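# Topology and contacts: notes
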Amino acid sequence: MAIYRFRITFEDYEDVYREIDMLSKQTFLELHEAIHKTTAYEADRSSSFYVSNDQWKKGTEIALLPTARKISDGVLLMENIRLSKFIDDPHQKFYYIYNFDRPYEFHVELIKILKEEEGKTYPTVFKTVGQAPKSLAAANFPVADPLDDDDEDEVLVDETQYGVDDDEEFDLFDGDDEEEGGEKSEEESNGSFDEY
């Protein structure tokens, strides 16, 4: 029987990944559980694999603990779908979202197809690189980004304040001419300067 070696990369931590060997007849649920044995995250969370292309575009969804709407739409369930059903390419990719309440995203890529070794149990972790983040909140980059943007906006506001101060200094020189108003007074003042 064929063995699929998948590399599971933490999307926001590219230097942290796992390589897991799976039997082709095993299910997406077994892959999901194998991933979380290596991360120590709770496996019993609403999650989904999406069949993907080389640009990680999400296609067919294969879900665990789906919402009622997804069930009524006929979503595929992890426990019912064998890995081999969606392996069309020797480098097949799956986009994987763990825990929709606090989403955490992974890239799952088939990197090798091997022959089954006698006496070996599957799934088995072939390689572990880097330590999984201890808190899912720490990996929630979209929350951190707006704060960074706000800091940049404050700097821009300060810069425009300097510009406003400069304008006010120019207003001091124009003073009375502006009170007379209109473009004509500016023309007259230009004319008077020409006379001197």
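Before any of the text, the structure's been laid out above.
Presented here is an overview of the structure given in this document.

What counts, and where the lines are drawn
- Residues numbered from 1 in each chain as written.
- Predicted model: local features only at pLDDT ≥ 70, side-chain atom pairs only at ≥ 80, totals over all residues.
- Heavy atoms only, no water.
- Helix = DSSP H or I, 4+ residues; strand = E, 2+ residues; numbered from the N terminus.
- Buried < 20%, exposed > 50% of the residue type's maximum accessible area, 1.4 Å probe, protein only.
- Contact = heavy atoms within 4.5 Å.
- Areas by Shrake-Rupley, 256 points an atom, 1.4 Å probe, with all protein chains shown as cover.
- Core = buried A, V, L, I, M, F, W, Y, C linked by side-chain atoms within 4.5 Å.
- Pairing = 2+ DSSP bridges.
- Axes fitted to C-alpha atoms, helices over the stretch in contact; angles between N-to-C directions.

## Looking at the overall build of the chain
If you tally the helices and strands in the chain, you get four helices and eight strands. Across the 196 residues in the chain, those meeting the buried criterion constitute 34%. Considering only contacts in the chain between residues 6 or more positions apart, those separated by 24 or more positions represent 61%. When the accessible surface of the chain is summed, it comes to about 12800 Å², and 48% of that surface belongs to carbon and sulfur atoms.

## So, the nonpolar core
If you look at the biggest cluster of nonpolar residues, it comprises 30 residues, and the most contacted ones within it are Phe 6, Phe 28, Phe 49 and Phe 94. Those elements that provide at least two residues to this core are β1 (2–10), β2 (13–23), α1 (28–39), β3 (47–52), β4 (58–64), β6 (93–98) and β7 (104–115). Among the elements that take part in this core, α1 stands out by supplying five residues, more than any other.

## Remarks on the sheet that holds strand β8 (residues 124–129)
Ordered by their spatial adjacency, eight strands build an open sheet running β5-β4-β3-β6-β7-β1-β2-β8, and the pairing between neighbours is mixed. Each having just a single partner strand, β5 (76–77) and β8 make up the two edges of the open sheet. Looking at chain direction, β4 and β5 are connected through two bridges and run parallel. Across the sheet, residue Ile 62 finds its bridge partner in β5, namely Leu 76. The sheet contacts of α1 involve β1, β2, β3, β4, β6, β7 and β8, and relative to β2 the element is tilted by about 135 degrees.

Honestly, it's all geometry; don't read function into it.
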